[in-house]
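# Coordinates in review
Spelled out, the chains give:
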Amino acid sequence: MHHNPGFLKLVEQVKERIKECTAEDVQVRIAQGEKFYFIDVREDHEYWIDHAAGARHLGKGILERDIESVVPDRNVSIVLYCGGGYRSVLAADALQQMGYRNVASMKGGIKAWRDAAFPLEKDKAI
């Protein structure tokens, strides 16, 4: 996918303010039974195709509106991911601005997750 220069510049600026982790870091946390919110911020249609096993869906378009209902405790650990690690950077920044203190963006997004052959799920039929 082609990303416009202004978008990439914004993402790079925001990366200075947020934490990032790798897909491997997340998989280790899951394997160790660590409790954290693993949130896919992609669009609905992207999530329905497949998503990281155990991830919950809150698209970037509704994240700020709905996060407090899903994650009321601003101190818990949250890991966000998107398609390639760009939108989740911006989403992490937004949550930090809302007072969430332990938010990270997963570098490389679902692409990195797939490349590592970590478990995927498909949306269940409605």
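Shown above is the structure to which this text applies.
Residues numbered from 1 in each chain as written. Predicted model: local features only at pLDDT ≥ 70, side-chain atom pairs only at ≥ 80, totals over all residues. Heavy atoms only, no water.

## Topic: the sheet that holds strand β2 (residues 37–40)
One open sheet accounts for five strands, arranged β1-β6-β5-β2-β4; its pairing is parallel. With partners counted over all chains shown, the strands left at the sheet margins are β1 (19–21) and β4 (56–57), one partner each. Relative to strand β6 (residues 103–106), strand β5 (residues 78–81) runs parallel, the two being bridged by three bridges. When the bridges of β6 are listed, Leu 80 appears paired with Ser 105. (Pairing = 2+ DSSP bridges. Helix = DSSP H or I, 4+ residues; strand = E, 2+ residues; numbered from the N terminus.)

## Examining the packing of aromatic side chains
As enumerated under the stated definition, the model contains five aromatic pairs in all. With a centroid separation of 6.1 Å and 55 degrees between ring planes, the pair formed by Phe 7 and Tyr 86 is classed as tilted. Taken as a pair, Phe 7 in helix α1 (residues 5–15) and Tyr 86 in the loop between β5 and α5 (87–97) lie far apart in primary sequence, 79 residues in all. Of the residues examined, Phe 7 reaches a relative accessible area of 26% and is grouped as partly exposed. Residue Tyr 86 is classed as partly exposed on the basis of its relative accessible area of 28%. (Phe/Tyr/Trp six-rings, centres within 6.5 Å; stacked < 30°, edge-to-face > 60°. Buried < 20%, exposed > 50% of the residue type's maximum accessible area, 1.4 Å probe, protein only.)

## Description of the side chain of Arg 29
Take Arg 29: it is sitting in helix α2 (residues 23–31). Apart from the residues within four sequence positions on either side, Arg 29 is in contact with Glu 34, Phe 36, Ser 77 and Val 79. (Contact = heavy atoms within 4.5 Å.)

## Considering the environment of Asp 40
Inspection of the secondary structure puts Asp 40 in strand β2. According to the relative accessible area criterion, Asp 40 is buried, its value standing at 0%. With 76 residues separating them along the chain, Asp 40 and Ala 116 place their C-alpha atoms 17 Å apart. A polar atom in the side chain of Asp 40 sits 2.8 Å from the side chain of Arg 42. (Polar contact = N/O pair within 3.5 Å; in protein donor to acceptor, adjacent residues only side chain to side chain.)

## Comments concerning the nonpolar core
Looking at soluble globular proteins, one finds that nonpolar side chains tend to be buried together. Ile 39, Ile 67, Ile 78, Leu 80 and Leu 95 are the most contacted members of the largest nonpolar core, which has 20 residues in total. Per element, the largest residue contribution to this core is five residues, and it comes from α5. If near-sequence neighbours (up to four positions away) are discounted, Leu 95 is found in contact with Leu 63, Ile 67, Ile 78, Leu 80, Tyr 100 and Val 103. Counting residues in hydrophobic clusters, the runner-up holds 14 residues, among them Cys 21, Ala 52, Tyr 81 and Ala 104. (Core = buried A, V, L, I, M, F, W, Y, C linked by side-chain atoms within 4.5 Å.)

## Some remarks on α2
When α2 is considered as a whole, its buried residues turn out to be Ala 23, Val 26, Gln 27 and Arg 29. Viewed end-on, α2 has its buried residues packed into an arc of 160 degrees, placing them on one side of the element. Buried residues in α2 make contact with β1, β2, β5, β6 and α6 (109–115). Looking one or two residues beyond α2, the residue adopting positive phi is Gly 33, at roughly 75 degrees. (Arc of directions from axis to C-beta.)

## Notes on the pairing of β6
Residues Val 103 and Ser 105 line one face of β6 and the alternating positions Ala 104 and Met 106 line the opposite face, and both faces are buried. Bridge analysis of β1 against β6 gives three bridges, and the strand direction is parallel. Along β6, the bridge assignment pairs Cys 21 with Met 106. Between β5 and its parallel partner β6, the chain crosses via α5, and the hand of that crossover is right-handed. (Right-handed = clockwise from strand over helix to strand, strands pointing away.)

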